[in-house]
Amino acid sequence: MAFDRADPAPQYQPAGHGEAEFFRSSLHQHTKREWRDPKARTVSKYDLAVLYDPNEKMAPSSPASIKYFARIAERLSVDVEPITKRQLAELAEYDGLFIRENTSIDNHTYRFARRASQEGMPVIDDPISMIRCTNKVFLMELLNQNQVATPPTVMLAEGADLAKAMDELLLPLVVKIPDGSFSRGVHKVNTPEEFRRVADELFEETDLILAQKFLPTEFDWRVGILSGEPIFVASTAWRVAIGRSSSIVPTVRRAKAGSGPSISSMRRPP
């Protein structure tokens, strides 16, 4: 813009009365608020690794269950971190391990359990319990020693007289491998021909099989054990027996099946 020499210099006018009032009002509203420091994020006391397989079809826990577990754990100051089998090298960064895969002593779940145990971390399932619970021969002897009733059982080596087992136990039979878990290698046979076929198939995988008398029951009883102590006895209908008058509870207490560390012993690394 050009100005004629005769024109007076332009004058800057103060802001209008309405704008000044709006500014003062806004500044007043802004400064009268109570100022607080931002809330600090709560730091968890423990970091718990949960081993899972997102592609496992019959996993012990669904992804939704693990998320729900993580929300509950957060209230107890435990940070839950799902990990997979590729993260074995990172295991020592955590304070405990919870295995939510179908366990076996011949895959990565056992390696994770052993590594956690070597690091002094509490782990479920612990390696000793995994070995014991997958060894049907050990369990049979342990239960017999503690006078826990079990179905009549015959151990058969390759080439054994199957007819003798059928005469002793009678058909139908339950045939299983000694180191199976989660119903792997467990078969029900109703005829001699079926018994021979299943036995031949199992002997391709193992040198020893077990034949048990088939005893149907209304419920399939299960026992939960933590740190070598039974914490519940329940049927598949989840009628919890602990705390009620039940003859199975004191029997189970005499036949402990595991001796892993408890969650309360989770330690922080130095």
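Reading the values: the criteria
- Residues numbered from 1 in each chain as written.
- Predicted model: local features only at pLDDT ≥ 70, side-chain atom pairs only at ≥ 80, totals over all residues.
- Heavy atoms only, no water.
- Pairing = 2+ DSSP bridges.
- Helix = DSSP H or I, 4+ residues; strand = E, 2+ residues; numbered from the N terminus.
- Axes fitted to C-alpha atoms, helices over the stretch in contact; angles between N-to-C directions.
- Contact = heavy atoms within 4.5 Å.
- Expected span 1.5 Å × (residues − 1).
- Buried < 20%, exposed > 50% of the residue type's maximum accessible area, 1.4 Å probe, protein only.
- Arc of directions from axis to C-beta.
- Phe/Tyr/Trp six-rings, centres within 6.5 Å; stacked < 30°, edge-to-face > 60°.
- Lys NZ or Arg CZ within 6 Å of the ring centre and 35° of its normal.
- pLDDT = per-residue confidence, 0-100.
- Patch = residues over 30% accessible without salt bridge, like charges linked within 9 Å, V, L, I, M, F, W, Y side chains within 5 Å.
- Areas by Shrake-Rupley, 256 points an atom, 1.4 Å probe, with all protein chains shown as cover.
- Salt bridge = Lys/Arg side-chain N within 4 Å of Asp/Glu carboxyl O.
- Lys, Arg positive; Asp, Glu negative; His and termini not counted.
- Charge placed at Lys NZ, Arg CZ, Asp CG, Glu CD.

Before going further, it helps to spend a moment on the sheet that holds strand β5 (residues 153–157). Across the sheet, which stays open at both edges, the four strands sit in the order β5-β8-β6-β7 with antiparallel pairing between neighbours. Of all the strands in the sheet, just β5 and β7 (186–189) have a single pairing partner and so form its edges. Ignoring strand direction, the axes of neighbouring strands in this sheet form an average angle of 25 degrees. Sitting on the sheet, helix α6 (residues 162–169) is in contact with β5, β6 (173–176) and β8 (208–213), with an inclination near 180 degrees to β5.

So, on to the sheet that holds strand β3 (residues 96–99). Spatial ordering of the open sheet is given by β2-β1-β3-β4, a layout of four strands whose pairing is parallel. One side of each edge strand has no neighbouring strand; the edge strands of this open sheet are β2 (78–83) and β4 (123–124). Sheet topology note: the strand β1 (residues 46–51)/β2 ladder contains six bridges and is parallel. The partner of Leu-51 across the bridge, within β2, is Ile-83. Sitting on the sheet, helix α3 (residues 108–118) is in contact with β1, β2, β3 and β4, with an inclination near 160 degrees to β3.

Looking along the chain, the bond that leaves Ile-124 and enters Asp-125 is cis, with omega of 0 degrees. Among the secondary structure elements, Asp-125 is positioned in the loop between β4 and α4 (127–134). A cis amide bond links Leu-171 with the next residue in sequence, Pro-172, at an omega value of -5 degrees. Along the polypeptide, Pro-172 turns up in the loop between α6 and β6.

Looking now at helix α7 (residues 192–203). Taking 1.5 Å per residue, twelve residues should reach 16 Å; α7 reaches 16 Å between its end C-alpha atoms and fits that length. All of the buried residues in α7 are Phe-195, Val-198, Ala-199, Leu-202 and Phe-203. Each buried residue of α7 lies within a common arc of 130 degrees when the element is viewed along its axis, so the set occupies one face. Exposed side of α7, more than 90 degrees from the buried face: Glu-193 and Asp-200 are the residues found there.

Okay, helix α2 (residues 63–75) next. In this model, α2 (13 residues) spans 19 Å end to end at C-alpha, consistent with the 18 Å of a helix rising 1.5 Å per residue. Positive phi appears at Ser-77, one or two residues downstream of α2, with a value of about 65 degrees.

Turning next to the packing of aromatic side chains. One pass over the full model with this rule turns up one aromatic pair. Look at Phe-69 and Phe-98: their rings are 5.5 Å apart centre to centre, the planes differ by 55 degrees, and that puts the pair in the tilted class. Placement of Phe-69 in helix α2 and of Phe-98 in strand β3 is noted, with a sequence separation of 29 residues between them. By relative accessible area, which is 31% here, Phe-69 ends up partly exposed. Over the aromatic face of Phe-214 sits the side chain of Lys-188, whose NZ or CZ is 4.1 Å from the ring centroid.

Quick look at the confidence of the model for the protein chain now. Per-residue confidence for the protein chain gives a mean pLDDT of 79; residues scoring 70 or more make up 77%. Low confidence marks residues 238–270, where pLDDT is under 50. Its contacts with residues over four positions away, or in another chain, come to 72 contacts.

A cluster of acidic side chains, namely Glu-74, Asp-79, Glu-81, Glu-90 and Glu-93, defines a negative patch on the protein surface. With respect to the helices, strands and loops of the structure, Glu-81 is situated in strand β2.

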